[in-house]
Protein chains: 2
Amino acid sequence: MSTTSGARASARTRMSPEQRREQLLDLGVRLLAERSLDEISIDVLAQEAGISRGLLYHYFGDKVAFREAVVRRAAADLVTQTEPPDEGDDIAKLLHSVTAYVDFVDANYEGYLSMVRGAASDPTLREVYDEAFGALGERFFDAGAAIVPDTPAARLLVRGWQAMTEELVLAWKAGEASLDRDALLELLVASLPALMGILPDSG
Amino acid sequence: MSTTSGARASARTRMSPEQRREQLLDLGVRLLAERSLDEISIDVLAQEAGISRGLLYHYFGDKVAFREAVVRRAAADLVTQTEPPDEGDDIAKLLHSVTAYVDFVDANYEGYLSMVRGAASDPTLREVYDEAFGALGERFFDAGAAIVPDTPAARLLVRGWQAMTEELVLAWKAGEASLDRDALLELLVASLPALMGILPDSG
């Protein structure tokens, strides 16, 4: 027993400050599943991580910097997790990304909701939110997806489709839609090509 | 001169408190064209209306109640102004309402934006916003519009279309879309039937 906990302590001390910081950020993001951003404090994290508040301040500077770091990590996780696969047709890729988005909101509901709401009034949150929102939308144009032409009207519609998707997933998650997850995914995936269908021919 | 201003003073005193309150609310809503909600204070209104702050407190109680009254009036104006005409087919009615919505946001941009943003964090604003959003969406079902069936999936899509519409109009108004007003209106009006087209047949 003492050997095991000794090995653990040793493993812990062998982590670089950067690794330790990343580990603490991971924990912060996991806490967002059931807590809003306002509820993620240094105190809560110190308790959950079983370390001192002083050490957390050492890693993150202050409360504001800590909250921003958690939000940036959560947004980066969202962008990574919704990455489309290399293989498959456009619709299969879209389904993959949309499914990952729904699962992300599902798993991180309180935190996601507080980020969406906070972005309306907090400039830092808005910046992080806009960056993530922009990165998700930009994928359609980076990848040269055949279902989405690169025109001003198409860009505007993609942005609108993203706002619609967020609204629908949050409504579904809040229990305000009488639809199961599969039916929701079907609507979301079908709606993007349907919207592209109204674009005037560029040719 | 003295007769005229005497007649004016007399006309003013003949207004009932209720009429005077309504007139002050109208002024409050007009101020939202170029001011956010946070910038609409009793002080600003007193200055614009040329009356004492004390009298405004008399009409509205306190600052919070005054702001809420202005927001409720603005939301009611939005619902009234976007009322579809009795005549015309569904698409003509939709175009009428969407045009009125775009014009409303155009004319009341700062106030509308601050309401949308404020609704994310302020429970009273959210209630007023949700009521107006709900009333605008409910129209499609009250009127039995042929383009919108009354199913859970259709209700969800209408809600998503509303979120998309808001996003697009705010982006357009912020100068973030390279589209003119007519092209924007065309996209908005065409997108609703396109979204309804993806619904599974209910029959």
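In this text the structure is predicted, and so the values were computed from the model without any measurement.

Visitor: An account of the overall build of chain A is needed here, citing residue identities and associated values.
Guide: Tallying secondary structure elements over chain A gives ten helices and zero strands in all. Going from the N terminus to the C terminus, chain A shows its helices and strands as α-α-α-α-α-α-α-α-α-α. The contacts in chain A between residues at least 6 apart in sequence include a share of 65% that link residues at least 24 apart. Split by element, the accessible area of chain A, about 10300 Å² in all, is 51% carbon and sulfur. In chain A, 20 side chains carry a positive charge and 33 a negative one; their mean positions are 10 Å apart.

Visitor: Which residues make up the pattern of salt bridges, and what values go with them?
Guide: Within this structure, the stated rule accounts for 30 salt bridges over all chains. We note a salt bridge from R159(A) to E167(B), for which the minimum N-O separation is 2.8 Å. With one member in each of two chains, R159(A) in helix α9 (residues 152-173) and E167(B) in helix α9 (residues 152-173) form a pair that bridges those chains. Given a relative accessible area of 21%, E167(B) falls into the partly exposed group.

Visitor: Account for the relation of the copies chain A and chain B, with residues named and values stated.
Guide: It takes a turn of 180 degrees to lay chain A on chain B, together with a shift of 0.0 Å along the axis; the resulting RMSD is 0.0 Å. The transformation relating the two chain copies, once decomposed into turn and shift, fits a two-fold axis. Counting the interface residues of chain A, we find that 100% of their copies in chain B are interface residues as well, pointing to one common contact surface.

Visitor: Provide a residue-level description of the side chain of T165(B), including the pertinent values.
Guide: Looking at the secondary structure, you find T165(B) in helix α9. For T165(B), the contacting residues outside a window of four places in its chain are Y101(B) and L188(B).

Visitor: Can you lay out helix α7 (residues 109-119) of chain A for me, pointing to particular residues and giving the numbers?
Guide: Helical geometry note: an α-helix holds 3.6 residues per turn, so side chains three or four residues apart project in the same direction. Burial of α7(A) is extensive: nine of the eleven residues sit out of reach of the surface. Within α7(A), the full set of buried residues consists of Y109(A), G111(A), Y112(A), L113(A), S114(A), M115(A), V116(A), G118(A) and A119(A).

Visitor: Any details on the packing of α9(A) against helix α10 (residues 181-196) of chain B? Residues and values, ideally.
Guide: In helix packing, the relevant descriptors are the interaxial angle and the interaxial distance, both defined with respect to the helix axes. Contact pair α9(A) / α10(B): the axes reach a minimum separation of 12 Å and the direction vectors enclose 50 degrees. Looking at the two axes, α9(A) sits oblique to α10(B). Crossing hand, α9(A) versus α10(B): right-handed. On α10(B), the residues that touch A153(A), L156(A), L157(A) and M164(A) of α9(A) are L184(B), L187(B) and L195(B). Here the residues of the contact of α9(A) with α10(B) are counted per class, giving seven nonpolar, no polar and no charged.

Visitor: Summarise the interface of chain A and chain B; cite the residues concerned and give the values.
Guide: Opposite the 29 residues of chain A that make contact, chain B presents 29 residues. Taken together, the two surfaces of chain A and chain B that pack against each other cover about 2500 Å², and 75% of this comes from carbon and sulfur. It is L156(A), R159(A) and L187(A) in chain A that bury the most area against chain B; as a group they hold 23% of the surface buried on that side. Inspection of the region where chain A meets chain B yields four salt bridges. Summed over the shared surface of chain A and chain B, the result is four residue pairs in polar contact (both at pLDDT 80 or more). Looking at the side of chain A that touches chain B, the elements that each hand over two or more residues are α8 (123-142), α9 and α10 (181-196) of chain A. The element that contributes the greatest number of residues to the side of chain A that touches chain B is α9(A), accounting for twelve residues. Residue classes in the side of chain A that touches chain B are distributed as 20 nonpolar, four polar and five charged.

Visitor: How would you sum up the packing of helix α2 (residues 17-31) of chain B against helix α4 (residues 53-60) of chain B? Please name residues and give values.
Guide: Residue and element names in this part refer to chain B. Running from N to C, α2 and α4 point in directions that differ by 110 degrees, and their axes come no closer than 10 Å. When the axes of α2 and α4 are compared, the pair comes out roughly perpendicular. Contact residues: α2 offers P17, R20, R21, L24 and L25, while α4 offers L56, Y59 and F60. Classifying every residue of the contact of α2 with α4 by side-chain character gives six nonpolar, no polar and two charged.

About the cut-offs
Residues numbered from 1 in each chain as written. Chains lettered and ligands numbered in written order. Predicted model: local features only at pLDDT ≥ 70, side-chain atom pairs only at ≥ 80, totals over all residues. Heavy atoms only, no water. Helix = DSSP H or I, 4+ residues; strand = E, 2+ residues; numbered from the N terminus. Contact = heavy atoms within 4.5 Å. Areas by Shrake-Rupley, 256 points an atom, 1.4 Å probe, with all protein chains shown as cover. Lys, Arg positive; Asp, Glu negative; His and termini not counted. Charge placed at Lys NZ, Arg CZ, Asp CG, Glu CD. Salt bridge = Lys/Arg side-chain N within 4 Å of Asp/Glu carboxyl O. Buried < 20%, exposed > 50% of the residue type's maximum accessible area, 1.4 Å probe, protein only. Least-squares fit on C-alpha atoms with pLDDT ≥ 70 in both. Axes fitted to C-alpha atoms, helices over the stretch in contact; angles between N-to-C directions. Parallel < 35°, antiparallel > 145°, perpendicular 65-115°, else oblique. Left-handed = near helix turned anticlockwise from the far one by under 90°. Nonpolar A, V, L, I, M, F, W, Y, C, P; charged D, E, K, R; others polar. Buried area = accessible area lost by both parts, 1.4 Å probe. Polar contact = N/O pair within 3.5 Å; in protein donor to acceptor, adjacent residues only side chain to side chain.

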